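Coordinate inspection notes
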Amino acid sequence: MHPFRYARPSSLAEAVALLDEHGPQAQIIAGGTDLVIGLRDRTLEPDVVIDLKRIPDLEPRIRLVDGRLVISAGTVMSDIESDATIAELFTALAESAAVVGSVQIRNRATLAGNICNASPAADTAPPLLVHRAEVVAFGPRGARRIPIREFFVRSRQTTLQRGELVTAVELPLPDRRTGDSYVRLTRRRGTDLASITMCCAVDASGSTRLAYGSVGPKPLVFADESGVLADPAAPDEAKAPILETMLAEASPSAGSVRASPEYRLAMLPVLAMRALHTALGRLGGGQVR
Ligand SMILES: Cc1cc2nc3c(=O)[nH]c(=O)nc-3n(C[C@H](O)[C@H](O)[C@H](O)COP(=O)(O)OP(=O)(O)OC[C@H]3O[C@@H](n4cnc5c(N)ncnc54)[C@H](O)[C@@H]3O)c2cc1C
């Protein structure tokens, strides 16, 4: 492991000053479940590692504020998985948090770390995209909000600027009845990164949103307003071509060890239809296929 300085700031201002001073030579440690692997295999060789756990503003907290659900940067997957409000209003987010790694990983891994690491396979990314989450960043010029669809660039790269860190992730509360669902494809049951991540949300106005990942450099989101996907009476034959269009930008890498591009592309419509049916079942409160 490359030697580095360890810093444990006690305020946001102190953390931002360190990040701004060291730029790309600084790395944040939250749960460390991605970072420590990078340090160990030397894909990351920072001069300074900045531990956020002593900063009161970032302590684990899930709150409802002015029509938004605010999840602080220190909140871990097991908090999200077990939160009653998230389970009711953002079921897919709870489902995605519940499949990250193992119990031990979920007790350490933060939501903020999951999106800042920006793996295309990050499980929480599709539900955050479908629910139009915003990332709250704080940096040398103060706070700003970044729509999650503008946050991801590619693996380990986001649109955070020099000196910025994430303080929270916020989700607007749905203004109409919504059913959502998260599914993923893995090589095996148990601890494994996804070969495909997929989230679908359908609302009572007939709007459908579909987000997916692990099939390109970053997770993607698309919307359909035709009403066909949201119509429980419409046959799968009518829905399939619309889903195909929404999946057209998938570009899985041939170099991935987890699954071939052919397999991922063949499975994408299967998962999309599965996620859609579950979301529709939840919207109607009826049988889920
Ligand atoms: C065995 C194992 C299994 C795993 N399984 C899964 C899985 O199934 N699905 C999945 O999605 N992930 C999985 N992961 C990856 C990992 O657990 C998640 O990405 C986790 O959410 C990262 O959060 P963390 O708090 O540990 O981040 P850290 O490792 O502390 O940080 C990750 C990156 O984010 C940056 N960062 C962290 N917090 C902030 C912040 N507030 N502001 C700005 N930058 C920040 C750090 O600088 C670093 O670059 C697994 C990891 C392991 C080791």
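Note that the coordinates shown come from a computational prediction; the quantities given were computed from them, not determined experimentally. (Residues numbered from 1 in each chain as written. Predicted model: local features only at pLDDT ≥ 70, side-chain atom pairs only at ≥ 80, totals over all residues. Heavy atoms only, no water.)

Taken together, 34 residues lie near the ligand, and A30, T33, D34, T110 and D123 sit nearest. The contact in question runs from an oxygen atom of the ligand to an N or O atom on the backbone of A30, over 2.7 Å. Against a free-state accessible area of 990 Å², the protein chains account for coverage of 88% of the ligand. When residues of the shell around the ligand are traced back to their parent elements, those giving at least two are β2 (26-29), α2 (35-40), α7 (111-117) and β10 (165-172). Grouping the amino acids of the shell around the ligand by side-chain chemistry returns 19 nonpolar, 10 polar and 5 charged. (Near = heavy atom within 4 Å. Polar contact = N/O pair within 3.5 Å; in protein donor to acceptor, adjacent residues only side chain to side chain. Areas by Shrake-Rupley, 256 points an atom, 1.4 Å probe, with all protein chains shown as cover. Helix = DSSP H or I, 4+ residues; strand = E, 2+ residues; numbered from the N terminus. Nonpolar A, V, L, I, M, F, W, Y, C, P; charged D, E, K, R; others polar.)

Moving on: the pattern of salt bridges. For the coordinates displayed, the defined rule picks out 14 salt bridges. When the shortest N-O distance is used, the salt bridge between E95 and R282 registers 2.6 Å. With E95 in helix α5 (residues 91-98) and R282 in helix α10 (residues 261-284), this pair connects stretches of sequence that are 187 residues apart. The structure contains a network of salt bridges with shared partners spanning R68, E134, R145 and E170. (Salt bridge = Lys/Arg side-chain N within 4 Å of Asp/Glu carboxyl O.)

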